[in-house]
Amino acid sequence: MHLAASALSLRRDPRILKLPPYLSLLCIAVGVVWLLMLPLNEYSRRNYISENALLPGQVHTYFGGSEQHVLRAYRHELAELDDKNNFEVNDKLESILRSAGIKVGRQNYTYHSAGEEYSGENVYGILQAPRGDATEAIVLVAAWKSIDEQVNRNGVALALTLARYFKRWSLWSKDIILLIPSDSKAGTQAWVDAYHDAHDPTRVASLPLKSGALQGAVAIDYPFEHRFEALHVIYDGTNGQLPNLDLINSIVNIAGGQMGIAATIQKMKQHQGGYWDRLRTMLRGMLNQGLGAAAGPHSSFIPYHVDAVTLQPYGEGWHDEMAMGRVVEGSFRSLNNLLEHLHQSFFFYLLMQKDRFVSIGTYLPSAMLLAANFTIMAIFMWFKSGQQPPPAEAKVAAEGTGPAAETKSSDTKPTVVQPAVERDLFLPLGVVAACHSVAMIPLFIFNHLPASTLSPAFAVFTVLSSVLPLIISQVLSTFYKPTAQHYQLIKSFSLLVLGMTLSTLATLNFSLAFLVGLLSSPLTFAASSKNGALRYSAAGLLNLVAPPAVVYTAAYMADVAVADVLRAASFGWDVWGMYTPLVFWCVWWPAWLVGTVGVLAPLP
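Computed from a predicted model, the values in this text were never measured in an experiment.

Cut-offs applied
- Residues numbered from 1 in each chain as written.
- Predicted model: local features only at pLDDT ≥ 70, side-chain atom pairs only at ≥ 80, totals over all residues.
- Heavy atoms only, no water.
- Axes fitted to C-alpha atoms, helices over the stretch in contact; angles between N-to-C directions.
- Helix = DSSP H or I, 4+ residues; strand = E, 2+ residues; numbered from the N terminus.
- Parallel < 35°, antiparallel > 145°, perpendicular 65-115°, else oblique.
- Contact = heavy atoms within 4.5 Å.
- Nonpolar A, V, L, I, M, F, W, Y, C, P; charged D, E, K, R; others polar.
- Domains from an automatic or database assignment.
- Buried area = accessible area lost by both parts, 1.4 Å probe.
- Salt bridge = Lys/Arg side-chain N within 4 Å of Asp/Glu carboxyl O.
- Patch = residues over 30% accessible without salt bridge, like charges linked within 9 Å, V, L, I, M, F, W, Y side chains within 5 Å.
- Areas by Shrake-Rupley, 256 points an atom, 1.4 Å probe, with all protein chains shown as cover.
- Buried < 20%, exposed > 50% of the residue type's maximum accessible area, 1.4 Å probe, protein only.
- Pairing = 2+ DSSP bridges.
- Right-handed = clockwise from strand over helix to strand, strands pointing away.
- Phe/Tyr/Trp six-rings, centres within 6.5 Å; stacked < 30°, edge-to-face > 60°.
- Lys NZ or Arg CZ within 6 Å of the ring centre and 35° of its normal.

Digging into the packing of helix α15 (residues 451–479) against helix α20 (residues 547–557)
Viewed as axis vectors pointing N to C, α15 and α20 meet at an angle of 135°, and their least axial separation amounts to 9 Å. Between α15 and α20, the angle falls in the class oblique. Residues Ser-455, Phe-458, Ala-459, Phe-461, Thr-462 and Ser-465 of α15 form the contact with α20, whose participating residues are Pro-548, Val-551 and Tyr-552. Across the contact of α15 with α20, the residue classes tally to six nonpolar, three polar and no charged.

Some thoughts on the domain arrangement of the protein
Here the domain parsing of the protein yields domain 1 (64–353) and domain 2 (362–386 + 421–598). Inter-centroid distance (C-alpha atoms) of domain 1 to domain 2 is 39 Å. At the interface, 24 residues of domain 1 touch 23 residues of domain 2. With both sides pooled, the region where domain 1 packs onto domain 2 buries about 2,000 Å², and carbon together with sulfur makes up 59% of that total. Summed over the three residues of domain 1 that lose the most area to domain 2, namely Ala-114, Asn-239 and Met-286, the buried surface amounts to 28% of that side. Where domain 1 touches domain 2, the interface holds one salt bridge. Between Arg-567 and Glu-116 there is a salt bridge, with its nearest N and O atoms 3.6 Å apart.

Some points on the pattern of salt bridges
All chains considered together, the criterion is met by 18 salt bridges. Because the salt bridges share partners, they merge into one network encompassing Asp-91, Glu-94, Arg-98, Arg-106 and Glu-121.

Observations regarding a nonpolar patch on the surface
Side chains of Val-460, Leu-464, Val-467, Ile-471, Val-475, Phe-479 and Tyr-480 sit close together on the surface and give an oily, nonpolar patch of about 690 Å² of accessible area. Following the sequence through the fold, Val-467 ends up in helix α15. Using a relative accessible area of 35% as the deciding quantity, one classes Val-467 as partly exposed.

Topic: the pairing of strand β7 (residues 228–234)
For β7, a buried count of six out of seven residues is recorded, marking the element as mostly surrounded by other parts of the structure. In this sheet, strand β9 (residues 308–319) lies alongside β7 in antiparallel orientation, the contact comprising six bridges. By the bridge assignment, Ile-234 is partnered in β9 with Thr-310. For β7 and strand β8 (residues 263–264), the ladder comprises two bridges, and the chain directions are parallel. By the bridge assignment, His-232 is partnered in β8 with Thr-264. You can see the chain leave β7, run along helix α7 (residues 245–258) and come back into β8, and the turn it takes is right-handed.

As for the environment of Tyr-536
With respect to the helices and strands, Tyr-536 occurs in helix α19 (residues 532–544). Counting along the chain gives 66 residues from Tyr-536 to Leu-470, while the straight-line C-alpha distance between them is 9.4 Å. Apart from the residues lying within four places of it in its own chain, the contact partners of Tyr-536 are Leu-470 and Leu-600.

Quick word on the packing of aromatic side chains
Scanning all chains against the criterion turns up 30 aromatic pairs. Pairwise contacts between aromatic rings join Phe-446, Phe-458, Phe-461, Tyr-552, Phe-584, Trp-585, Trp-588 and Trp-589 into one cluster. Its end group placed over the ring of Tyr-536, Arg-535 keeps NZ or CZ at 5.9 Å from the ring centre.

The structure is reproduced here in structure tokens:
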């Protein structure tokens, strides 16, 4: 009974109301520190193969010898197609595949994004497995245009040579599909959508030939013809989705352990294995995951639960096309052993280096703590909105927090519990709902405007966005006369929506939730003031972390035009189904808008 009485008295203690802001700040600090500790050995683990059936590097690869002459002949034939259009190139590729005894299909597609048309034709061939029943397949992808928009001559020639080589072997239990899309962005997406009957028939043609369920895919991005130094493994998928970690581990094991080819990730070509190199690798991976864009032709497979990576040789060394072909052969031999989809290893992870990772159970709390800080402050503002304002004569006593003040108060008269104030919810709910509804306008505009008008339109929107909170604040003050309780409830509802959304998003795209939560953290502590200069100064500081300002800053740091950023976002929305613009405009921007309106609110 004594413990219960103490708890009740503690609940009425005014000092409790001063804790939530400090708890929110603590959540943010711990969340950031938690993330920075992940590269340490104590929090990360070495990679390992979970699926024993893969047996990476356990087979002898035979690709080489006379196959090098075949590859050179194919490369010579493809060199004559540099000035040909997509359909003429595919005519030649089709004749090469048919001469190797491979069934061939072709597919047209046309996408429209930012006022531009992306059209082309994919060509693909299916090698039927001698020991299979056409229920499963593995895909080898070699786009005609590489990720950097160069002709992928060596990659396509190597893929054709491998297809001819695979055709002669009787060990395959899964069909092998050789896909040669016209580019690395739209072509693969059109083919994968059509393969799973998830395409729009008005834009993407159906496939004339199909095989079984896709078990995995490997893409080759190899535009140059000289020997290479090492292999870059690209694994980022659309909307931050990742392939099963066993696939990456298998390829790294085959390349490094069997072929002696060094493998790198996230363009970290000089990785020393130290803390700072691990941190940079992790942050690069988080940035790519947070953006949600397709990193290569493999990215289109991952949303359909088809594990895929892109292999990209780089540098100048002593490894040739045959070594690259043996890596692909060993990878396909491993995938051929599978009796089911890769499922035993991790789908949610952060890679520190090629052989070290952090699983979701270790890194997820950092994003959850950032989301929790908004929820804590939302509950705090809700509680404050239901409190009676202190009477004028007791103002000093109510504000006193020192032991002397409390002793004096308790000595003179017992604590009087103030009754709860009825909350007026209509206006706060209306303001928050209106701000989130207005967010549909930039989402629609920047995904439908022509590319030539994106830059000036974004500049105009940036100016309007900076003055919109002032306009909303003036309208509210003139026509509705909001009270302090109204502004407390507005902030409470806005932070509650932001906290719930980010905590849910963290389980789907951890990096995007963490980045948005970190950039939105000033909204937790932003508050109005009776001093007009302080109000406008605080609003100006919030404008520095406004979403449009962040876009300009990021574009400047990456040395990319803002128009190119907006064009890529529009393309991702229209073609890849990328939801980053939705989070950006319909979650982050309205939260910033409501927070800035609250800062500009004139206090009585």
